[in-house]
Amino acid sequence: MTKWNQAVAVALALGAGTPPALAQAGADPQLAALLSEAGERNPEVQAARRELQAAHHRIEPAAALDDPMLEAGLVNVPVPSLSLNREDMTMKMIGITQRLPYPGKRALRREVAEKEVDAVDNNLRELVNKVRRDVKVAYYDLALVDESQRLAQKNLQVLEQLSSIAESRYSVGQTSQADVFKAQTQRARMQEELLKLGRERPMLEAELARALGRTGAAPAVEPAPLRQQEAILDLGELRAAARAKRPQLLAQKSVIERNAKALDAARKDYYPDFDVRFSYGQRDSFEGMKRDDMITFTIAINLPVWRGSKREPRVAEAEAMREQATSMYEAKANETDAMLRQQVSAAEQSLKSARLYESAILPQARLAADASLSAYRVGRVDFFTLLDSQMTVFNAETGYAATLASRSKALAEIELLTGEEISR
C-alpha cells in the first residue's frame, strides 16, 4: 500500500466511529439531580408555593364571623340637669352586637375559598411540570450540541487528513489543484460549524440556568450521551390520562366548581342576615331608692329589597363566570388533545427516522465511504467522490443524533401534556 493510501485508510478509520447508542434510556442521575434542583430553586415555583400558602390562609377568614361591635354610652340623660339620678330611665349602658349570616352562607364562602386553593395547587403542579419540561428540553439540546461538536471535531480530523493527502498528491503531479481547494474548503466549513456550535452552547446553558433558578457562575453541565427512549404511545390512553391528571385541566375544573359555589352564594344572598344585640344598663339610686339595672336583647335583619339593582346582577355575573370557566376548560382540553396528537406524531416519526438511520442510512453511508476508498485506491473514482462520501457519513451521523434529541424532547412535551411520567 502506498503512503498516501495508508493515510486515506487512517483518515476514514477516524471517521468510522459509532453512532449514539440505540437502547432504552436508563435513569440519568444528572438529569434527575437537575430536575430536583429546579423544583427547589426555580423562583417561579417558589413564588407559586407562596401563593398556595396565601390561598390556604384565606380559608378560615372566608368562613369567619364579622367582628362583634362593642358599644357604650349614656341613655335617657335629661338635658337641663345632665344628671344620672334624676330620671327613672337614665342609665349607663354597655352592649355588644354580632352579625350572624343566614344559615349556609358561611359554609359556601369556605367552599369557595377551598376550591380556590385546589386551583392554585394544581396551577403550582402545572408550573412545576413546565419547569421540568424546560429543563429536559435544554438538557437534550445541550446533549445534541455536544454530540454534534464531537462528530464535527472527528470529521475535521478526517478532512485534515484528506487535505494533506490532496496536497501531497498535487505536489507530485498526481492530482489537480481543484482537489486541494475542495478539501481546504470542506475543512474550513467544518471549522465554521464548530464555531457555530460553540456559539449555541452558551445560549443553551443560559436557558438551562434560567429553568434551574441559578444565578451567577455555576458549574458547567455535561449531559449524558443521547440515547433512544423507547416508550409505547397510545393516543387514546394519553388523552384519557391528560383529562384525568393534567394539573392545568384539573385547575380549570376547580375554577368551575369554585364559580358554581360562588353562584350558590350569590343566590343565598337573597336571604337576610341577623344582627343580634345584647346590652346592659346600670341605673344609679334616686333619692335613696335603689333602682334595678336593665338588660336589652334585640334581633335585627337586613331587608334585601334591592333585588334588581344589587342582587340579581350579582347572580347573573356568577352564572356568566361559571359558563366562562366551563368554556375555558373545553378550550384547554381541546388544545391539549391537539398538542398531544402533534407530539405523539413527532415522537413516532423521530423513532422511525432513528431506526431507519440505524438499519439503513448509517450502514449504507459507511459502506459507500469504504467503497469510495477502495475505488479511489485503484483510480476508479476521483477525490471529489471520496470527499463527498465522507461528508455523507458526517451528515448521517448528525442527522441521527438530531432524531434522538427530537424524540426525547417530544416525550418531555407529552409528559407535560399528560401530567405524568411516561413509562420507558
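As shown above, the structure is provided for reference.
The structure displayed is predicted, hence computed values, not measured ones. (Residues numbered from 1 in each chain as written. Predicted model: local features only at pLDDT ≥ 70, side-chain atom pairs only at ≥ 80, totals over all residues. Heavy atoms only, no water.)

## Observations concerning the overall build of the chain
For the chain, the count of helices and strands is 10 helices and four strands. Listing every helix and strand of the chain by position from the N terminus yields α-α-α-α-β-β-α-α-α-α-β-β-α-α. Over its C-alpha trace the chain gives a radius of gyration of 39 Å, far above what one expects of a compact globule, namely 22 Å for 424 residues. Overall size of the chain, expressed as C-alpha extent along the three principal axes, is 140 × 45 × 35 Å. Within the chain, buried positions represent 40% of all 424 residues. The contacts of the chain with a sequence gap of at least 6 include a subset with a gap of at least 24, amounting to 83%. Of the accessible surface of the chain, which amounts to about 22700 Å², a share of 55% is contributed by carbon and sulfur atoms. (Helix = DSSP H or I, 4+ residues; strand = E, 2+ residues; numbered from the N terminus. Rg over C-alpha atoms; globule rule 2.2 N^0.38 Å. Buried < 20%, exposed > 50% of the residue type's maximum accessible area, 1.4 Å probe, protein only. Contact = heavy atoms within 4.5 Å. Areas by Shrake-Rupley, 256 points an atom, 1.4 Å probe, with all protein chains shown as cover.)

## Re helix α6 (residues 177-212)
For α6, which comprises 36 residues, the first-to-last C-alpha distance of 53 Å matches the rise-based estimate of 52 Å (1.5 Å per residue) to within 8%. Three or more residues of α6 are buried, namely Asp179, Val180, Ala183, Gln186, Met190, Leu194, Leu197, Arg201, Leu204, Leu208, Ala211 and Leu212. Of the surrounding elements, those touching the buried residues of α6 are α2 (29-41), α5 (105-171) and α10 (383-418). (Expected span 1.5 Å × (residues − 1).)

## With respect to the sheet that holds strand β4 (residues 294-301)
Judged by pairing direction, the sheet is antiparallel, and its four strands sit side by side in the order β1-β2-β3-β4 without closing on themselves. With partners counted over all chains shown, the strands left at the sheet margins are β1 (69-75) and β4, one partner each. Pairwise comparison of adjacent strand axes, ignoring direction, gives a mean angle of 20° for this sheet. The sheet contact formed by strand β3 (residues 274-282) and β4 spans eight bridges and is antiparallel. Within β4, the residue paired with glycine 281 across the bridge is methionine 294. (Pairing = 2+ DSSP bridges. Axes fitted to C-alpha atoms, helices over the stretch in contact; angles between N-to-C directions.)

## As for the packing of α2 against α6
It is the contact of α2 with α6, at a shortest axis distance of 7 Å, that shows an interaxial angle of 55°. Looking at the two axes, α2 sits oblique to α6. Contact residues: Leu34, Glu37, Ala38 and Arg41 in α2; Leu208, Ala211 and Leu212 in α6. Taken together, the residues of the contact of α2 with α6 break down into five nonpolar, no polar and two charged. (Parallel < 35°, antiparallel > 145°, perpendicular 65-115°, else oblique. Nonpolar A, V, L, I, M, F, W, Y, C, P; charged D, E, K, R; others polar.)

## Considerations on a nonpolar patch on the surface
On the surface, a cluster of nonpolar side chains totalling about 1300 Å² of accessible area is made up of Leu70, Ile94, Ile96, Phe278, Tyr280, Ile295, Phe297, Ile299, Ile301, Leu303, Val305 and Trp306. Taken together, the elements giving at least two residues each to the nonpolar patch come down to β2 (91-100), β3 and β4. Here phenylalanine 297 lies in strand β4. Look at phenylalanine 297 and you get exposed, because its relative accessible area is 54%. (Patch = residues over 30% accessible without salt bridge, like charges linked within 9 Å, V, L, I, M, F, W, Y side chains within 5 Å. Salt bridge = Lys/Arg side-chain N within 4 Å of Asp/Glu carboxyl O.)

## Description of the packing of α5 against helix α8 (residues 247-268)
Relative orientation of the contacting elements α5 and α8 amounts to 165°, with a least axis distance of 8 Å. Comparing the axis directions of α5 and α8 gives the class roughly antiparallel. By crossing handedness, the relation of α5 to α8 is classed as left-handed. (Left-handed = near helix turned anticlockwise from the far one by under 90°.)

## A short note on the packing of aromatic side chains
Given two aromatic rings, one states the distance between the centres and the angle between the planes to describe the pair. Going through the model one piece at a time under the given rule, you end up with four aromatic pairs. Seen from their ring centres, tyrosine 139 and tyrosine 140 are 6.0 Å apart, and the 70° between their planes marks the pair as edge-to-face. With respect to burial, tyrosine 139 and tyrosine 140 carry one shared label: buried. Taken together, the ring pairs connect Tyr102, Tyr271 and Phe274 into an aromatic cluster. Seen from the ring of tyrosine 271, lysine 268 lies directly overhead, with NZ or CZ sitting 5.8 Å from the centre. (Phe/Tyr/Trp six-rings, centres within 6.5 Å; stacked < 30°, edge-to-face > 60°. Lys NZ or Arg CZ within 6 Å of the ring centre and 35° of its normal.)

## Considerations on the environment of methionine 339
For methionine 339, the location among the structural elements is in helix α9 (residues 307-377). Since its relative accessible area comes to 29%, methionine 339 is described here as partly exposed. Sequence-wise, methionine 339 and glutamate 413 are 74 residues apart; in three dimensions their C-alpha atoms are separated by 8.8 Å.

## Describing unusual backbone geometry
Phi angles above zero are rare outside glycine, and asparagine 76 is one such case at about 55°. Locating asparagine 76 in the fold gives a position in the loop between β1 and β2. Take asparagine 76: its relative accessible area is 46%, and that puts it in the partly exposed class.

## Remarks on helix α7 (residues 235-245)
Taken residue by residue, α7 has Leu238, Ala241 and Ala242 as its buried positions. For α7, the buried positions fall inside an angular range of 100° around the axis, keeping them on one side. The elements touched by buried residues of α7 are α8, α9 and α10. Looking at where α7 begins, the residue whose side-chain oxygen comes 3.1 Å from the main-chain nitrogen of glycine 236 is aspartate 234. (Arc of directions from axis to C-beta. Polar contact = N/O pair within 3.5 Å; in protein donor to acceptor, adjacent residues only side chain to side chain.)

## Digging into the nonpolar core
Most often, soluble globular proteins have nonpolar side chains that are buried together. Within the largest apolar cluster, 46 residues are counted, with the highest numbers of intra-cluster contacts made by Leu34, Val135, Leu162, Met190, Leu208 and Phe383. Looking at this core, the elements with two or more residues in it are α2, α3 (43-57), α5, α6, α9 and α10. Looking at which element gives the most residues to this core, the answer is α5, with 20 residues. (Core = buried A, V, L, I, M, F, W, Y, C linked by side-chain atoms within 4.5 Å.)

## Digging into the pairing of β2
In summary, the side chains of a regular strand alternate between the two faces of the sheet. With seven bridges connecting them, β1 and β2 associate as antiparallel partners. Across the sheet, alanine 72 pairs through a bridge with isoleucine 94, a residue of β2. In this structure, β2 lies alongside β3, joined through nine bridges in antiparallel fashion. Its bridge partner being in β3, methionine 93 is matched across the sheet by glycine 281.

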